[in-house]
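Descriptive analysis of the structure
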Amino acid sequence: MNTPDADGLLAEQLLRLTRRLHRIQKRHLVPIGITPAQSRLLRTLVQYDAPPRMADLAQHLEVVPRAVTSLVDGLEASDLVRRVPDPTNRRVIRIELTNAGRKALGELRGARLAAAEDILAPLDAEQREQLGGLLNALFDVSDVRRC
């Protein structure tokens, strides 16, 4: 039976783990020259068949459009993405990966694998499988209880 104290401790452990994950991921992204948020945007771009609008990216990332503008500005300054006009509506701007952005995505895969190994190093194969199952159970919870 879970007690409020046990649930509070578990919540604190999850928050500590989240901070640790962020620190480790950040450390592995430094050599690539991007932030975790920029990494997420780059990985999101490849999920689209055609260059998406910034509003599409904001919706997908569940952030305000201004946050996407800042991320795109940084990535564009590093020549990883570029703004391109929509072929059917000149008022709409779309975001596409550059060749350097595609190369950075390849580097990101390696950095993510290295970060995952750092994070999961204390666990054996069976524990990793158990953790995966537990995390899937948490992700499958309906958003009905969301505040």
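Residues numbered from 1 in each chain as written. Predicted model: local features only at pLDDT ≥ 70, side-chain atom pairs only at ≥ 80, totals over all residues. Heavy atoms only, no water.

**Focus on the packing of helix α2 (residues 36-45) against helix α4 (residues 65-77)**
For any two helices packed against each other, the geometry comes down to the angle between their axes and how far apart the axes lie. The geometry of α2 relative to α4 is characterised by a closest axis approach of 10 Å and an angle of 90° between their N-to-C directions. Regarding the angle of α2 to α4, the classification is roughly perpendicular. Side by side, α2 and α4 meet where A37, Q38, L41 and L42 of the first sit next to V68, L71, V72, G74 and L75 of the second. (Axes fitted to C-alpha atoms, helices over the stretch in contact; angles between N-to-C directions. Helix = DSSP H or I, 4+ residues; strand = E, 2+ residues; numbered from the N terminus. Parallel < 35°, antiparallel > 145°, perpendicular 65-115°, else oblique. Contact = heavy atoms within 4.5 Å.)

**Considering the nonpolar core**
In terms of nonpolar packing, the biggest core is built from 22 residues, with I34, L41, L42, L45, V68 and V81 touching the most fellow members. Within the residue set of this core, elements represented by two or more residues are α2, α3 (54-61), α4, β2 (93-97) and α5 (99-120). When near neighbours in sequence (up to four residues on either side) are disregarded, V81 contacts L42, L45, V72, L75, E76, I95, E96, L97 and T98. (Core = buried A, V, L, I, M, F, W, Y, C linked by side-chain atoms within 4.5 Å. Buried < 20%, exposed > 50% of the residue type's maximum accessible area, 1.4 Å probe, protein only.)

**Re the pattern of salt bridges**
Side chains carrying opposite charge are able to pair once their charged atoms draw close together. Counted by the stated rule, this structure contains nine salt bridges. Between R94 and D86 there is a salt bridge, and its shortest N-O distance comes to 2.5 Å. The exposure class assigned to R94 is partly exposed, which follows from its relative accessible area of 21%. Classification of D86 as buried rests on a relative accessible area of 8%. (Salt bridge = Lys/Arg side-chain N within 4 Å of Asp/Glu carboxyl O.)

**Some remarks on a nonpolar patch on the surface**
Residues L10, L14, L17 and L21 make up a contiguous nonpolar surface patch of roughly 320 Å² in combined accessible area. Here L21 is to be found in helix α1 (residues 4-29). Residue classification places L21 among the partly exposed positions, given a relative accessible area of 32%. (Patch = residues over 30% accessible without salt bridge, like charges linked within 9 Å, V, L, I, M, F, W, Y side chains within 5 Å. Areas by Shrake-Rupley, 256 points an atom, 1.4 Å probe, with all protein chains shown as cover.)

**Comments concerning the environment of T98**
Relative to the elements of secondary structure, T98 occurs in the loop between β2 and α5. Taking the C-alpha atoms as reference points, T98 and E129, 31 residues apart in sequence, are found 37 Å from one another. For T98, the contacting residues outside a window of four places in its chain are D79, L80, V81 and R82. A polar contact is formed between the side chain of T98 and the backbone oxygen of D79, at a distance of 2.5 Å. (Polar contact = N/O pair within 3.5 Å; in protein donor to acceptor, adjacent residues only side chain to side chain.)

**Looking at the environment of A116**
As for its position among the elements, A116 is in helix α5. Along the backbone, A116 and I24 are 92 residues apart, and their C-alpha atoms lie at a distance of 8.6 Å.

**Structural notes on helix α6 (residues 125-139)**
Counted at 1.5 Å a residue, the expected span for α6 with its 15 residues is 21 Å, and the 21 Å between its end C-alpha atoms agrees. One side-chain oxygen at the N-terminal end of α6 lies 3.1 Å from the backbone nitrogen of E126; it belongs to D124. (Expected span 1.5 Å × (residues − 1).)

**Remarks on unusual backbone geometry**
Despite not being glycine, E62 shows a phi value in the positive range, around 60°. When you line up the elements, E62 lands in the loop between α3 and α4. Here E62 falls in the exposed class, since its relative accessible area comes to 63%. At D79, a position not held by glycine, the phi torsion is positive, near 60°. Locating D79 in the fold gives a position in the loop between α4 and β1 (81-85).

**Digging into the packing of α3 against α4**
In contact at an axis separation of 8 Å, α3 and α4 are set at 110° when each is read in the N-to-C sense. If you check the angle between α3 and α4, you find them roughly perpendicular. Our pair here, α3 against α4, has a crossing hand that is right-handed. Where α3 abuts α4, its residues M54, L57, A58 and L61 lie against P65, V68, T69 and V72. When grouped by side-chain class, the residues that make up the contact of α3 with α4 number seven nonpolar, one polar and no charged. (Left-handed = near helix turned anticlockwise from the far one by under 90°. Nonpolar A, V, L, I, M, F, W, Y, C, P; charged D, E, K, R; others polar.)

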